[in-house]
Amino acid sequence: MKVARRLTFNDIALFCIFSLYPILPMYFRIGPAMIYYFLLLPCVASVVLLKKKIHLYKEYKMYIPYILIMFFLFAVHVEVIEAAKFVLAPIFITIFLLDYVDSKGKFDRAIDILLFFCAIMCFLGLLEGLKDINLFKLLNNSNATIKEDGVRMGLYRTKLSFNMSTNYGNYLVVMISLVLYRLSNMGLTLKRKILYIGLDLLIIANAVCAGARATLIVTLLLQFVYIYKFGTGKFFKIVLGGLIAAALGFLGCEIIGIDLFKYVKSYFYVFLSLFSDKFQKGIEVEFGTNLTMSTDRVNLYSWVLKAVKGHIVFGMGEASAFKYEVNQWRTKTSLENYYLSSIYHYGIVGLVGTVYRFLVPILFSLKRIKTKVANEKIGFNFFFFTTCCAYCLVLFTVSLLSDARIFSLFVILMLIYNIRIKKGETD
């Protein structure tokens, strides 16, 4: 008789981290504190109170320069709260997860928790995209202003608990990588495969609803890269299956009165407009005025440098809000570029820290890109490397805000895979 495994304190901490931590909105708070930080308390308690010894793996050393840079900048700007957040979230989570997730089973379980809640997000995302109903707004207990992202391609731009639809798109970029990684694992039951394939299609549908062109292109690109990596024979089978599913999707939309052909046509115009200006007008009608303002992303470089003049080395600090008067009728207040945001808030030193933060895990995974453990067709490092490179490119078009949490967990999963999992289970 099989005895059910007793639920432990560490199991609860793991669930808290991989369930709600990546998706709770920043405007959901207890007093001045964002509520998702309270989900970290079991993790902190596990590290501080329940552990007799903290394992300091040698791989921690590669993050020491980044940690020192950030603490130095926090000291320069006297940002005690930012320093506390910097310690509380990534460092304690990393220490806890590297200690507790010590087997492929726990590793896969952690990813499946992320995917389960991603599935819930995707269903809610379709509801918002089709009906403009965002249930996460009910959690706004801080009277925060939730910016509306408008309509694109006849759909309400989905953002759910994220500040912007582009941030939600970044979240989906990571999630599609994780679902395809699980799909590439051998020994899955037919039911599991169907569930993962269904979630994969849901993620793509949500990327369309988000309406962020860069993240949509990256999502589709990663999809085909991974499918091709699965094997040429399967590639054509999956393409055929995808075409059949697309045909059924078109038919279903036609039945319920959604003109999906118009949406596809308009996205096709995006690519045609690169070669002919006559398609530009049609795109502006479908995509809104955002395209006519695309030169802002080029001008933003000079605007930020002018705004930060005199503080280019250490920046203006996190508390300083970007504000640049373009002309007497318009003032630019948003920074749709994570690297420029780093320069504005923390200067050249902060940009160095930012680049280091992304470059180190990319190079770390690249060196181990051929590593595979038991029951894997494709190793996790391949998924991480390709996705992280694509993610870094997308950050030229969006600021890293609410999607920073899922990216941090993605990096930690890569470290767990290489530090804890592969040692005992490498093929």
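Note that the coordinates shown come from a computational prediction; the quantities given were computed from them, not determined experimentally. (Residues numbered from 1 in each chain as written. Predicted model: local features only at pLDDT ≥ 70, side-chain atom pairs only at ≥ 80, totals over all residues. Heavy atoms only, no water.)

**Student:** Just to check I follow, could you spell out the overall build of the protein for this structure?
**Tutor:** The helix and strand tally for the protein stands at 15 helices and six strands. Expressed as a percentage of the 427 residues in the protein, the buried residues total 49%. Taking as baseline every contact in the protein between residues at least 6 positions apart, the subset at least 24 positions apart corresponds to 74%. (Helix = DSSP H or I, 4+ residues; strand = E, 2+ residues; numbered from the N terminus. Buried < 20%, exposed > 50% of the residue type's maximum accessible area, 1.4 Å probe, protein only. Contact = heavy atoms within 4.5 Å.)

**Student:** Where do I start with unusual backbone geometry in this structure?
**Tutor:** Excluding glycine, most residues fall at negative phi; most peptide bonds, likewise, are trans. One non-glycine residue, D132, lies in positive phi territory at about 60°. Of note, the phi angle at L160 is positive, near 50°, even though the residue is not glycine. Relative to the elements of secondary structure, L160 occurs in the loop between β4 (155–156) and α6 (165–184). Taking relative accessible area as the criterion, L160 reaches 1% and is therefore assigned buried.

**Student:** I tried to follow the nonpolar core on my own but got confused; where do I start?
**Tutor:** For soluble globular proteins, the rule of thumb is that nonpolar side chains tend to be buried together. The biggest cluster of nonpolar side chains holds 110 residues, and the ones touching the most others in it are F18, L97, F107, Y171, L178 and F380. Sort the elements by how many residues they give to this core and helix α15 (residues 404–425) lands first, with 13 residues. In contact with F380, not counting residues within four places along its chain, are F107, I111, L178, Y181, F410, L413, M414 and Y417. Counting ten residues, the second-largest nonpolar core is a separate cluster that includes L300, V304, F322 and L335. (Core = buried A, V, L, I, M, F, W, Y, C linked by side-chain atoms within 4.5 Å.)

**Student:** Explanation requested: the pairing of strand β5 (residues 324–327) in the structure shown.
**Tutor:** Regular strands place their side chains on alternate faces of the sheet. Note: β5 against strand β6 (residues 330–332), three bridges, orientation antiparallel. For N327, the partnering residue across the bridge sits in β6 and is R330. Taking the residues that link successive antiparallel strands as the turn, the β5-β6 hairpin has two residues. (Pairing = 2+ DSSP bridges.)

**Student:** In this structure, what is going on with the packing of aromatic side chains? I would like to understand it.
**Tutor:** Ring pairs (aromatic) are described by centroid distance and by the angle formed between their planes. Enumeration according to the criterion identifies 25 aromatic pairs in this entry. With 6.2 Å between their ring centres and 90° between their planes, F71 and F74 make a pair best called edge-to-face. One end of the pair, F71, and the other, F74, are both in helix α3 (residues 64–76), three residues apart, so they sit about a helical turn from each other. On the basis of relative accessible area, F74 is assigned to the buried category, the value being 5%. In textbook terms, an aromatic cluster arises when at least three aromatic residues are bridged by ring pairs, as seen for F107, Y181, F380, F382, F383, F384, F410 and Y417. A cation sits over an aromatic face here: R368 above F364, 3.7 Å from the ring centre. Residue placement shows R405 over the ring face of Y36; its charged tip is 3.8 Å from the ring centre. (Phe/Tyr/Trp six-rings, centres within 6.5 Å; stacked < 30°, edge-to-face > 60°. Lys NZ or Arg CZ within 6 Å of the ring centre and 35° of its normal.)

**Student:** How do you make sense of a nonpolar patch on the surface when you look at a structure like this?
**Tutor:** Together, L305, I312, V313, I348 and V352 make up an exposed nonpolar region whose accessible area comes to about 390 Å². The topology assignment puts I348 in helix α13 (residues 338–367). (Patch = residues over 30% accessible without salt bridge, like charges linked within 9 Å, V, L, I, M, F, W, Y side chains within 5 Å. Areas by Shrake-Rupley, 256 points an atom, 1.4 Å probe, with all protein chains shown as cover. Salt bridge = Lys/Arg side-chain N within 4 Å of Asp/Glu carboxyl O.)

**Student:** Would you explain the packing of helix α5 (residues 104–131) against helix α7 (residues 190–210) in this entry?
**Tutor:** Between two packed helices, the angle of one axis relative to the other and the distance separating the axes together describe the packing. Close contact between α5 and α7 brings their axes to 9 Å; oriented N to C, the two are set at 45°. Considering the angle they form, α5 stands oblique to α7. α7 is crossed by α5, and the crossing has left-handed handedness. Of α7, the residues touching α5 (which contributes D112, L115, C118, A119, M121, C122, F123, G125, L126 and G129) are R192, Y196, L199, L202, I203, A205, N206 and C209. (Axes fitted to C-alpha atoms, helices over the stretch in contact; angles between N-to-C directions. Parallel < 35°, antiparallel > 145°, perpendicular 65-115°, else oblique. Left-handed = near helix turned anticlockwise from the far one by under 90°.)

**Student:** Just to check I follow, could you spell out the confidence of the model for the protein for this structure?
**Tutor:** Atom-level detail of predicted coordinates should not be read off regions where pLDDT is low. Confidence in the prediction for the protein averages 80 pLDDT; 79% of positions are at 70 or higher. Between the elements of the protein, mean pLDDT differs from a low of 53, seen in helix α11 (residues 280–287), to a high of 93, seen in α5. This stretch, residues 288–294, has a pLDDT under 50; its non-local contacts, to residues over four places away or in other chains, come to nine contacts. (pLDDT = per-residue confidence, 0-100.)

**Student:** When you look at the side chain of N381 in this model, what are you seeing that I'm missing?
**Tutor:** Inspection of the secondary structure assignment puts N381 in helix α14 (residues 380–394). Classification of N381 by relative accessible area gives buried; the value is 0%.

**Student:** Explain α7 to me, please; I cannot follow it from the model alone.
**Tutor:** Given 3.6 residues per turn, any residue in an α-helix points the same way as the ones three and four places further on. Taking 1.5 Å per residue, 21 residues should reach 30 Å; α7 reaches 30 Å between its end C-alpha atoms and fits that length. Among all positions in α7, only Y196, L199, D200, L202, I203, I204, N206, A207, C209 and A210 are buried. The positive-phi residue at the C-terminal boundary of α7 is G211, with phi of around 70°. (Expected span 1.5 Å × (residues − 1).)

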